[in-house]
Amino acid sequence: MGKCDICRKESGEYQLCPDCFQEMQQGKLDHCKNCGKWYRKGKICSCVKASPNNPATTVVAQSNTQTTYQEKEGPSGCLIALIIIIAMAIVIGLGIMFATEPWEDTDDDETSAFTEMTKQKPTLTADQSSLGTAVDIQIKANDNYKEVIVELLLYDENDNIISQQYLTQTNLTKGNTYIVTYNLSLSELTKVDSYSYKVYKYK
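This one's a predicted model, so the numbers in the text were calculated from it and none came from an experiment. (Residues numbered from 1 in each chain as written. Predicted model: local features only at pLDDT ≥ 70, side-chain atom pairs only at ≥ 80, totals over all residues. Heavy atoms only, no water.)

## Notes on the overall build of the protein
Phase 1 of the analysis: Looking only at helices and strands, one finds 5 helices and 9 strands in the protein.
Phase 2 of the analysis: Helices and strands appear in the protein in the N-to-C order α-β-β-α-α-α-β-β-β-β-β-β-α-β. (Helix = DSSP H or I, 4+ residues; strand = E, 2+ residues; numbered from the N terminus.)

Laid out in structure tokens, this is it:
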């Protein structure tokens, strides 16, 4: 498990966290053909920024200069309001980060910087003998959890990933079994051949 290319949170198979993965599905992100990393539309990839002799850098720099000039001509009140909104968002984000209960990371190669893992990892099972219009995954609660996130990957007949989903179950009681379901879309039904799943995070 690595870091999200956009916000540096823990990521899944596509090097994107659940939130940024949703932005990618909405068409808000672009995939760099040079280094393979994701970046937000309207901006340039960090690998291009690091290459001063790259022609793409000059074009973007000229575009940014024009944007800055246009912004200077606009009302100064809008710029001040934007700065205030950004500052408030940063303060709120920091408050949420420190107030939220730490996640239990399922990657054995990394240790959480916030807390030592104390809860037992939940157990997942699924009947993969037949694939219908939905995928049902059972979660056995080996402890009490506020939230469990399951990562689901759908593959075509050539084992290429065609979809990455995150299924969430909240308020799990130790000893009980829960089911999370993902309903396949029409396009997925025509392509999906198999799937895999794992515990992404739990707390």
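## Observations regarding the pattern of salt bridges
Phase 1 of the analysis: Here the structure, examined in full by the defined rule, presents 3 salt bridges.
Phase 2 of the analysis: Salt-bridge contacts for E10 lead to K3; the nearest nitrogen and oxygen are separated by 3.0 Å.
Phase 3 of the analysis: For E151, the salt bridge identified is with K198, shortest N-O distance 3.7 Å. Here the residue E151 occupies a position in strand β6 (residues 145-155), and K198 occupies one in strand β9 (residues 194-202), the gap between them amounting to 47 residues.
Phase 4 of the analysis: The class of E151 is buried, set by a relative accessible area of 1%. (Salt bridge = Lys/Arg side-chain N within 4 Å of Asp/Glu carboxyl O. Buried < 20%, exposed > 50% of the residue type's maximum accessible area, 1.4 Å probe, protein only.)

## Here we look at the packing of aromatic side chains
Phase 1 of the analysis: Applying the stated criterion to the full structure yields 4 aromatic pairs.
Phase 2 of the analysis: Their ring planes at 80° and their centres at 6.3 Å tell us that F21 and Y166 sit as a pair that is edge-to-face. Remark: Y166 occurs in strand β7 (residues 161-172) and F21 occurs in helix α1 (residues 18-25); sequence separation between them is 145 residues.
Phase 3 of the analysis: We classify F21 as buried; its relative accessible area is 2%.
Phase 4 of the analysis: An aromatic cluster of at least three residues, connected via ring pairs, comprises F21, Y166 and Y200. (Phe/Tyr/Trp six-rings, centres within 6.5 Å; stacked < 30°, edge-to-face > 60°.)

## Considering the pairing of β7
Phase 1 of the analysis: Relative to β7, β6 runs antiparallel, the two sharing 10 bridges. The residue bridging L153 from the neighbouring strand is Q164, located in β7.
Phase 2 of the analysis: Between β6 and β7, which pair antiparallel one after the other, the connecting turn spans 5 residues, and D159 there sits at a positive phi close to 65°. (Pairing = 2+ DSSP bridges.)

## Side note on α1
In an α-helix, one turn spans 3.6 residues, which is why side chains three or four residues apart end up on the same side.
Phase 1 of the analysis: Every buried residue of α1 is accounted for by C20, F21 and M24. The arc that holds the buried residues of α1, viewed along the axis, is 105°, so those residues lie on one side.
Phase 2 of the analysis: Elements that come into contact with the buried residues of α1 comprise β1 (29-31), β2 (38-40) and β7.
Phase 3 of the analysis: G27 sits one or two residues past α1 and shows a positive phi near 80°. (Arc of directions from axis to C-beta. Contact = heavy atoms within 4.5 Å.)

## Digging into a nonpolar patch on the surface
Phase 1 of the analysis: Together, L79, L82, I83, I86, I90 and L94 line one region of the surface with nonpolar side chains, adding up to about 570 Å² of accessible area.
Phase 2 of the analysis: By secondary structure assignment, the location of I90 is in helix α4 (residues 76-99). (Patch = residues over 30% accessible without salt bridge, like charges linked within 9 Å, V, L, I, M, F, W, Y side chains within 5 Å. Areas by Shrake-Rupley, 256 points an atom, 1.4 Å probe, with all protein chains shown as cover.)

## Remarks on the state of the cysteines
Phase 1 of the analysis: One pass over the full model with this rule turns up 0 disulfides.
Phase 2 of the analysis: Of the cysteine sulfurs around C20, a residue in no disulfide, the closest is that of C17, at 3.6 Å.
Phase 3 of the analysis: Taking relative accessible area as the criterion, C20 reaches 4% and is therefore assigned buried. (Disulfide = S-S within 2.5 Å.)

## A word on the environment of M24
Phase 1 of the analysis: Mapping M24 onto the fold places it in helix α1.
Phase 2 of the analysis: Along the backbone, M24 and Y39 are 15 residues apart, and their C-alpha atoms lie at a distance of 9.5 Å.
Phase 3 of the analysis: Residues contacting M24, with those up to four places away along its chain left out, are L16, L29 and W38.

## Some points on the confidence of the model for the protein
Phase 1 of the analysis: The pLDDT averaged across the protein works out to 78; a share of 74% of its residues lies at or above 70.
Phase 2 of the analysis: Contacts for the low-pLDDT stretch residues 55-73, under 50 throughout, to residues beyond four places or in other chains number 4 contacts.
Phase 3 of the analysis: Low pLDDT (under 50) marks residues 108-116, which in the prediction has 8 contacts with non-local residues, meaning those over four places away or in another chain. (pLDDT = per-residue confidence, 0-100.)

## Section: the nonpolar core
Phase 1 of the analysis: In this structure, I137, V150 and L152 are the most contacted members of the largest nonpolar core, which totals 20 residues.
Phase 2 of the analysis: Taken together, the elements giving at least two residues each to this core come down to β5 (134-140), β6, β7, β8 (177-183) and β9.
Phase 3 of the analysis: Per-element accounting of this core gives the leading share, 5 residues, to β6. (Core = buried A, V, L, I, M, F, W, Y, C linked by side-chain atoms within 4.5 Å.)

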